[in-house]
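Residue-level structural notes
Listed here are the chains, written in short residue letters.
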Amino acid sequence: DERGGALRDLVGRELLITAGGTREELDPVRFLANHSSGRQGWALAHAALVRGARVRLAAANVALETPPGADRLDVGSAAELAELVAAQLGQVDALVMAAAVADFTSAGRADQKIKKDEAAPDSVPILALARTQDILRHSVVSRGGAARPAIVGFAAETGGDGAAALDLARRKARRKGADLLVFNDVSAGVFGTADNEVRILDRDGEEVAHAAGSKTLVAHAVLDELLGRLPEVP
Ligand code: CTP
Ligand code: CA
């Protein structure tokens, strides 16, 4: 691979990687979604498999071929993903939250298709939204003082100049309390593209690594940092 060698430093480790973007149904034919393609999560899964890990890949609406060897679990909504992560958290050495999770879902999915009111040509429906669970934060809290699993979050921020975005990410790192937060400045747009530039922050918001290049290279940089934060092998 791009690192010039198959370093098998994740043998015996099990990772739960979430990828893609959740969909929140409004009615039987419509949903709220986002632009996440799943490529960064996929690159992480590929890289972890190359390094010898077992990978559970929670895929939210990803139209990509399953990485050979990964145990793929498909989900749709944020609630489904939350349920899956909660059920598996105790069984893995690391949780890597690369998925773009909806912050808001429909407060009440309509059972029938929402129709236009033909009698009132200017009228529009009011969509009531509800907050979803913050899966990353919830996972950190439910781990409590335990050493397992290591937890990695991602943050795609926009903010005029890069410094403002980095500041938002630092604060997010402290707020989330994950072992690592991978910050991606998306002011210039990154979804669906092959290349990526990230700063990897620790739980204090301090930068511990910087990586620029393909999503594969970024994936390996994240795994390099994760390696030293994995729980001790019993
Ligand atoms: N995340 C999550 N559950 C949510 C929302 C986000 O687990 N309901 C995770 C994402 O998978 C990512 C991290 O939290 O790893 C940061 O997501 P981001 O959207 O940047 O953070 P938010 O806390 O949702 O803040 P914002 O208001 O900036 O969107
Ligand atoms: Ca969010």
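Owing to the predicted nature of the structure, the values given are computational and were not obtained by experimental measurement.

**Brief notes about the coordination of the calcium ion (ligand 2)**
Think of it this way: four donors in a tetrahedron around the metal ideally sit 109.5 degrees apart, and six in an octahedron ideally sit 90 or 180 degrees apart. Distances from the calcium ion (ligand 2) to its protein donors, namely Asp103 (OD) and Asp103 (OD), fall within the range 2.4 to 2.6 Å. When you line up the elements, Asp103 lands in the loop between β6 (94–97) and β7 (104–106).

**Quick notes on the layout of surface pockets**
Taken as a whole, the largest pocket holds about 1,000 Å³ of empty space. What lines the largest pocket is a set of 39 residues, among which Ala99, Ala100, Val101, Phe154 and Ala156 lie closest to the centre. When residues of the lining of the largest pocket are traced back to their parent elements, those giving at least two are β1 (14–20), α1 (39–50), α3 (135–143), β9 (150–157), α4 (162–176), β10 (180–185) and β11 (195–202). Among the residues forming the lining of the largest pocket, the class breakdown is 18 nonpolar, 13 polar and eight charged. Approximately 240 Å³ is the volume attributed to the second largest pocket. Every residue lining the second largest pocket is counted, 14 residues in all, and those nearest its centre are Ile114, Lys115, Lys116, Asp117 and Pro125. Residue classes in the lining of the second largest pocket are distributed as seven nonpolar, one polar and six charged.

**Re the environment of Val208**
As for its position among the elements, Val208 is in strand β12 (residues 207–214). Residue contacts for Val208: discarding those within four places in its chain leaves Leu180, Ile200, Leu201, Asp202, Glu225 and Arg229.

**Digging into the site of ligand 1**
The environment of ligand 1 is made up of 15 residues, and the closest members are Ala99, Gln133, Leu136, Lys172 and Lys176. Here a nitrogen atom of ligand 1 and a backbone polar atom of Ile135 are 3.0 Å apart. Within the contact set of ligand 1, an oxygen atom lies 2.8 Å away from a backbone nitrogen or oxygen of Phe154. In isolation ligand 1 exposes 570 Å². Once the protein is present, 76% of that is buried. Applying the majority rule of atoms within 2 Å of the grid points places ligand 1 in the largest pocket. Breaking the shell around ligand 1 down by element, the ones donating at least two residues are α3, β9 and α4.

**Some details on the UniProt feature "binding site: CTP" (unreviewed entry) in the protein chain**
According to UniProt, the positions carrying the feature "binding site: CTP" (unreviewed entry) are Asp103, Lys113, Phe154, Lys172 and Lys176. Over a stretch of 74 residues, the named residues are scattered through the fold, their C-alpha atoms separated by up to 37.6 Å. The annotated residues that sit in the lining of the largest pocket are Asp103, Phe154, Lys172 and Lys176. Leave out the neighbours within four places in its chain, and Asp103 touches Ala130, Arg131 and Thr132. Along the chain, Lys176 falls in helix α4. Owing to a relative accessible area of 16%, Lys176 belongs among the buried residues under this scheme. Among the polar contacts made by the side chain of Lys176, one reaches the side chain of Asp134 at a distance of 2.6 Å.

Procedures and definitions
Residues numbered from 1 in each chain as written. Chains lettered and ligands numbered in written order. Predicted model: local features only at pLDDT ≥ 70, side-chain atom pairs only at ≥ 80, totals over all residues. Heavy atoms only, no water. Donors = N, O, S within 2.8 Å, 3.2 Å for Na, K, Ca; no water. Helix = DSSP H or I, 4+ residues; strand = E, 2+ residues; numbered from the N terminus. 1 Å grid on protein atoms, 1.4 Å probe; cavity = no way out; pocket = protein on both sides within 12 Å on 5 of 7 lines; lining within 4 Å. Points joined across faces, edges and corners; volume = space filled by probe spheres on them. Nonpolar A, V, L, I, M, F, W, Y, C, P; charged D, E, K, R; others polar. Contact = heavy atoms within 4.5 Å. Near = heavy atom within 4 Å. Polar contact = N/O pair within 3.5 Å; in protein donor to acceptor, adjacent residues only side chain to side chain. Areas by Shrake-Rupley, 256 points an atom, 1.4 Å probe, with all protein chains shown as cover. Sits in = over half its atoms within 2 Å of the grid points. UniProt positions renumbered as here; feature names shortened; annotations may be inferred. Buried < 20%, exposed > 50% of the residue type's maximum accessible area, 1.4 Å probe, protein only.

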